[in-house]
Every structure is written in C-alpha cells, then in structure tokens.
Amino acid sequence: MTRSRPHHSNDNPFVEQKNGDIVRRSAFNYRYDTETELALLNELWPLVNLRKNLFLPTKKAIGYWLTRTGKHVRDYDAPRTPADWVKDTGIMLPPERAAMEKLYRSVDLAALTRRIVDIQDQLIRLAAAKTHSQSTRVA
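Residues numbered from 1 in each chain as written. Predicted model: local features only at pLDDT ≥ 70, side-chain atom pairs only at ≥ 80, totals over all residues. Heavy atoms only, no water.

Chemist: Account for the overall build of the protein, with residues named and values stated.
Modeler: Check the secondary structure of the protein and you find 5 helices and 2 strands. Ordered by position from N to C terminus, the α and β elements of the protein give α-α-β-β-α-α-α. As presented, the protein carries roughly 10,400 Å² of accessible surface, and 57% of it is formed by carbon and sulfur atoms. (Helix = DSSP H or I, 4+ residues; strand = E, 2+ residues; numbered from the N terminus. Areas by Shrake-Rupley, 256 points an atom, 1.4 Å probe, with all protein chains shown as cover.)

Have a look at this one:
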C-alpha cells in the first residue's frame, strides 16, 4: 500500500522506483504480446511476490539527522521482510498469523527461485525468437 494522490504520479517516487525495478528485474524490458507470454507472466508474478514478501529483506528510513557540516543523513532500521513488517504491526489476527507462518514453512525458497528462473528463461527465448523473426523480415 502506498500513499499517493490522484493525478500526482510522483507522490511516492521511492516506492514507484522500487516496484518498477522489481518488474524490470523479473520480466526484463521486452515486449510481451502473445497469449503464451501472458500465461507465463501470470504464472511469474505470484511467485515473484511470494519471494519478495517472505524472503527478501528491505530497510526503511526511520529518520534523518544532521552532520556537523549540515548535511542531512538518513537513519535506517534493521532490514526485515515485508511479512515481518506486517507481523510486527500487531494488527494480524491469530488465524492470519498462523496461516502466514504455515505458508512460510511450506515454501521452498530454492524450488521457488528455480521456477522463477525457468519462467524467465522461457520469456527470454520467446522474446529472442520474435526479435530474430523480425530481423529476418527486414533483411
């Protein structure tokens, strides 16, 4: 969840930049316009989100302080996963907390990462095939 206002696209540029980076690292900068690619992307996003939310820690800025020269320096807390952030808020009910713990224990990070890489390889092959077929038409 981000804080933003309508018609202000750069309200929260840090979050927008971070989310865009995750998309580019996961699906690259290719154009996907076939049904096969759509099916692969629809399979990829839940896996990427699961890995990002359960296993990839992030830092959050908790304040600023000034150096002797007057420079503003950010102060960060310890890195934690988004799932840990939610658990620490205290707003989760016990059944939700138990479901999250069960999900965490049931996910094999190595298998999840292998599946993500496999889907990415398929997407790269499909994009390369389209690029190759277009370059042979032009020549």
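Chemist: Break down unusual backbone geometry for me, citing the residues and quoting the values.
Modeler: Of note, the phi angle at Phe28 is positive, near 65 degrees, even though the residue is not glycine. When you line up the elements, Phe28 lands in the loop between helix H1 (13-27) and helix H2 (35-55).

Chemist: If you had to explain the environment of Pro79 to someone new, which residues and values would you point to?
Modeler: For Pro79, the position within the fold is in the loop between strand S2 (72-76) and helix H3 (82-89). Separated by 21 residues in the primary sequence, Pro79 and Thr58 have C-alpha atoms spaced 4.9 Å apart. In contact with Pro79, not counting residues within four places along its chain, are Pro57, Thr58 and Lys59. (Contact = heavy atoms within 4.5 Å.)

Chemist: Give a detailed account of the packing of aromatic side chains, specifying residues and quantitative values.
Modeler: Tallied over the full model, the rule gives 3 aromatic pairs. For the ring pair Tyr30 and Tyr32, a centre distance of 6.4 Å and an interplane angle of 70 degrees mean the geometry is edge-to-face. Residue classification places Tyr30 among the partly exposed residues on the basis of a relative accessible area of 41%. Among the aromatic side chains, those forming a connected cluster through ring pairs are Phe28, Tyr30 and Tyr32. Residue placement shows Arg80 over the ring face of Trp85; its charged tip is 3.9 Å from the ring centre. (Phe/Tyr/Trp six-rings, centres within 6.5 Å; stacked < 30°, edge-to-face > 60°. Buried < 20%, exposed > 50% of the residue type's maximum accessible area, 1.4 Å probe, protein only. Lys NZ or Arg CZ within 6 Å of the ring centre and 35° of its normal.)

Chemist: Please set out the nonpolar core residue by residue, giving values where relevant.
Modeler: Counting residues in each nonpolar core, the largest one holds 18 residues, and the members touching the most others are Leu41, Leu44, Leu112, Ile116, Ile119 and Leu123. Only H1, H2 and helix H5 (109-138) provide two or more residues apiece to this core. (Core = buried A, V, L, I, M, F, W, Y, C linked by side-chain atoms within 4.5 Å.)

Chemist: Can you tell me about the pairing of S2, naming the residues and giving the values?
Modeler: The side chains of a regular strand alternate between the sheet's two faces. Sheet topology note: the strand S1 (residues 61-66)/S2 ladder contains 5 bridges and is antiparallel. What sits directly across from Leu66, in S2, is His72. Hairpin connection of S1 to S2: 5 residues between the antiparallel strands, including Gly70 at a positive phi of 90 degrees. (Pairing = 2+ DSSP bridges.)

Chemist: Quick rundown of the pattern of salt bridges? Include the residues and the values.
Modeler: What the rule picks out here adds up to 10 salt bridges. Residue Asp33 pairs with Arg31 through a salt bridge whose shortest N-O separation is 3.4 Å. A relative accessible area of 48% means that Asp33 is categorised as partly exposed. With a shortest N-O distance of 2.4 Å, Arg115 and Glu43 are connected by a salt bridge. With Arg115 in helix H5 and Glu43 in helix H2, the pair connects residues that are 72 residues apart, well separated along the chain. According to the relative accessible area criterion, Glu43 is partly exposed, its value standing at 32%. Members of the salt-bridge network, linked through shared partners, are Arg31, Asp33, Glu37 and Lys130. (Salt bridge = Lys/Arg side-chain N within 4 Å of Asp/Glu carboxyl O.)

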